[in-house]
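Chain by chain, the residues run as shown.
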Amino acid sequence: MEIRLKTKDEDLLLRREELAGGGDSVEAFQEKQTSIEHDQIGLVTDSQMTTGNFLIAHCQFELIQPIQLIKDVEEEVIQLDFILRGDNQALTSVKACSQYFSAGQHNICYIPRSKSSYEYYTTDLPHDFSVVIMPKEIYFRLLPPGSALHRQFVKQISQQKAAFMTAKNPPITAAMDWLIRDLRTSQRTGSLKRLFVESRITELLLLQLEQMQLIPSATPPAKRADQGKLHEARELLDAHYPASPTIVELAKLVGLNEFTLKRGFKAQFGTTILGYVTQRRMDDARRFLLEGDKSISEISYWVGYKNPAHFTVAFKQYFGVLPSSIRTSAEGTGDPR
């Protein structure tokens, strides 16, 4: 599989990868990063991980002019798309099937043997997206063709017609966002990382399919102008979640009224503002506990709890176990990662 960057005057190879297909041979886990800085394109970073059965790429584009990615696919593949940042991002997958993505959206796509083009436009913020590519055989191993979860999608696949799972791109939820961030920052190596990456990809597919069962949603999508403000609100929460602003403060900071902020945030990210902050605190607390570098009192402070007892209660409610049991379990393994 080849992926090229193409502008009017340039044609540069970005990625060439092979997947195992049937998965009979287990490939060694591989990681690499391609960085292209070009005076006619801008800065393009493509970080790739290959497990043999899956390819996952995290991409960031800081563009000077619009570009195309030309993907030459030599086998039938399923692609999971997660657009984290970068509005005005259009995707065209062979002639009869096209989809427009905005920041904070995802979808599942079937791509037959073909050449596909993905168009990216210049924006104020860098494009930031992740894709997971797997052979059709691996997808059907995870989800059999007879499953009611993807009946219409399978019909398109059987006809070798490029297709998206849903006509409208669903919003990336907080849980999906966390999994992608976890994939990007994991310090595991070798066989452990291969297992970790494949398990996270399976979780991402599960979350996508679960959410798609609820479409259409009764909540109307946010206006395009409001979507940018909602993403700004999430970025503020990410940066300041240990001492997160109140909803009143957050609404003023991003220029939305409280009702639009609360309703829009839930529709865009699949959780309430409080739920998002709690998830960030708990996920980071669990990571700190597994790393073993901080005491439970220190961790409670780092994730925004002034009283360690309140942190312990919140952690128990969220995970169903006490923080001390996580710490004990990590120490017992000798390798918490």
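Residues numbered from 1 in each chain as written. Predicted model: local features only at pLDDT ≥ 70, side-chain atom pairs only at ≥ 80, totals over all residues. Heavy atoms only, no water.

Engineer: Just checking my understanding: could you explain the overall build of the chain for this structure?
Structural biologist: Each helix and strand counted, the chain has 11 helices and 13 strands in total. For the chain, buried positions account for 48% of its 337 residues. Long-range contacts, defined as pairs at least 24 residues apart, comprise 69% of the intrachain contacts of the chain with a sequence gap of at least 6. Roughly 16700 Å² of accessible area belongs to the chain as shown, and the carbon and sulfur atoms make up 51% of that amount. (Helix = DSSP H or I, 4+ residues; strand = E, 2+ residues; numbered from the N terminus. Buried < 20%, exposed > 50% of the residue type's maximum accessible area, 1.4 Å probe, protein only. Contact = heavy atoms within 4.5 Å. Areas by Shrake-Rupley, 256 points an atom, 1.4 Å probe, with all protein chains shown as cover.)

Engineer: How should I be thinking about the environment of Ala314 in this particular structure?
Structural biologist: With respect to the helices and strands, Ala314 occurs in helix α10 (residues 308-319). Residues in contact with Ala314, not counting those within four places in the same chain, are Met282 and Tyr305.

Engineer: Honestly, helix α2 (residues 151-158) in this entry has me stumped. Any pointers?
Structural biologist: Because an α-helix completes one turn every 3.6 residues, residues spaced three or four positions apart along the sequence face the same direction. Every buried residue belonging to α2 is among Phe153, Val154 and Ile157, and all of these are buried. Down the axis of α2, the buried set is contained in an arc of 100 degrees. They therefore lie on one face. Exposed and oriented more than 90 degrees from the buried face of α2 are Arg151, Gln152 and Ser158. Looking one or two residues beyond α2, the residue adopting positive phi is Gln160, at roughly 55 degrees. (Arc of directions from axis to C-beta.)

Engineer: I'm lost on unusual backbone geometry in this one. Help?
Structural biologist: Negative phi values dominate among residues other than glycine, just as trans dominates among peptide bonds. The phi angle at Gln160 is positive, at roughly 55 degrees, despite the residue not being glycine. Looking at the secondary structure, you find Gln160 in the loop between α2 and β13 (163-164). On the basis of relative accessible area, Gln160 is assigned to the partly exposed category, the value being 47%.

Engineer: Looking at this structure, I do not really get the nonpolar core. What am I missing?
Structural biologist: Most often, soluble globular proteins have nonpolar side chains that are buried together. Formed by 34 residues in total, the largest nonpolar core has its most connected members in Ile78, Leu80, Ile108, Met134, Tyr139, Phe153 and Val197. Among the secondary structure elements, those contributing two or more residues to this core are β7 (77-85), β10 (105-111), β12 (127-135), α1 (136-142), α2, α3 (174-185) and α4 (190-212). If one sorts the elements of this core by residue count, α4 sits on top with 7 residues. Core analysis: the next-biggest nonpolar cluster, separate from the first, contains 22 residues, Leu55, Phe61, Ile67 and Leu69 among them. (Core = buried A, V, L, I, M, F, W, Y, C linked by side-chain atoms within 4.5 Å.)

Engineer: Would you mind going over the packing of α3 against α4 with me for this structure?
Structural biologist: When two helices pack together, their arrangement is given by the angle between the helix axes and by the axis-to-axis distance. Closest axis-to-axis distance for the α3/α4 pair is 10 Å, and the angle between their directions is 165 degrees. Classified by the angle between their axes, α3 and α4 sit roughly antiparallel to one another. The handedness of the crossing between α3 and α4 is left-handed. The segment α3 lies against α4, with Ala175, Met176, Trp178, Leu179, Ile180, Asp182 and Leu183 engaging Phe196, Val197, Arg200, Glu203, Leu204, Leu207, Gln208 and Gln211. (Axes fitted to C-alpha atoms, helices over the stretch in contact; angles between N-to-C directions. Parallel < 35°, antiparallel > 145°, perpendicular 65-115°, else oblique. Left-handed = near helix turned anticlockwise from the far one by under 90°.)

Engineer: I would appreciate a short explanation of the pairing of β10 in the present structure.
Structural biologist: Note on strand geometry: in a regular strand, side chains alternate between the two faces of the sheet. The buried fraction of β10 is high, at 7 of 7 residues. Every second residue of β10 is oriented toward a common face, with Gln105, Asn107, Cys109 and Ile111 on one face and His106, Ile108 and Tyr110 on the other, all of them buried. Of the strand pairs in this sheet, β10 and β13 are connected by 2 bridges, and their pairing is antiparallel. When the bridges of β13 are listed, Cys109 appears paired with Phe164. (Pairing = 2+ DSSP bridges.)

Engineer: What am I meant to see in the confidence of the model for the chain here?
Structural biologist: Should pLDDT be low for a region, the predicted coordinates there are not to be read in detail. Per-residue pLDDT for the chain averages 81, and the proportion of residues at 70 or more is 83%. Low confidence marks residues 333-337, where pLDDT is under 50. Its contacts with residues over four positions away, or in another chain, come to 5 contacts. (pLDDT = per-residue confidence, 0-100.)

Engineer: Looking at this model, I keep getting lost on the environment of Gln33. Mind explaining?
Structural biologist: Counting through the fold element by element, Gln33 comes out in strand β3 (residues 30-38). Taking relative accessible area as the criterion, Gln33 reaches 56% and is therefore assigned exposed. The spatial distance from the C-alpha of Gln33 to the C-alpha of Ala57 is 9.2 Å, given a sequence separation of 24 residues. Setting aside residues no more than four positions away along its own chain, Gln33 makes contact with Thr45, Asp46 and Ser47. A distance of 2.9 Å separates polar atoms of two side chains, one belonging to Gln33 and the other to Ser47. (Polar contact = N/O pair within 3.5 Å; in protein donor to acceptor, adjacent residues only side chain to side chain.)

Engineer: Help me out: how do you make sense of the sheet that holds β10 in this one?
Structural biologist: Hydrogen bonding along the main chain pairs the strands of a sheet, whether they run parallel or antiparallel. Strand order in the open sheet made by the 7 strands is β3-β4-β5-β12-β7-β10-β13, with antiparallel pairing throughout. Pairing within the sheet leaves two strands with one partner each, and these edge strands are β3 and β13. Summarising the sheet, strand β5 (residues 55-63) and β12 pair through 7 bridges and their orientation is antiparallel. Paired with Gln60 across the two strands is Asp128, which belongs to β12. Against the sheet, α2 touches β7, β10 and β13, its axis set at about 35 degrees to β10. Running over the sheet, α4 touches β3, β4 (42-50), β5, β7, β10 and β12 and is turned about 100 degrees from β10.

Engineer: Sorry, what's going on with the packing of aromatic side chains here?
Structural biologist: Given two aromatic rings, their pairing is described by the distance between the two centres and the angle made by the two planes. Counted by the stated rule, this structure contains 11 aromatic pairs. For the ring pair Phe265 and Tyr276, a centre distance of 5.7 Å and an interplane angle of 75 degrees mean the geometry is edge-to-face. Of this pair, Phe265 sits in helix α7 (residues 258-269) while Tyr276 sits in helix α8 (residues 273-291), placing them 11 residues apart in sequence. Here Phe265 and Tyr276 have matching classes, each one buried. Here the aromatic rings of Phe311 and Phe315 are separated by 5.8 Å at their centres, their planes lie at 55 degrees, and the arrangement is tilted. Pair noted here: Phe311 and Phe315 are both in helix α10, with a separation of 4 residues, about one helical turn. No difference in accessibility class separates Phe311 from Phe315, as the two residues are buried. (Phe/Tyr/Trp six-rings, centres within 6.5 Å; stacked < 30°, edge-to-face > 60°.)

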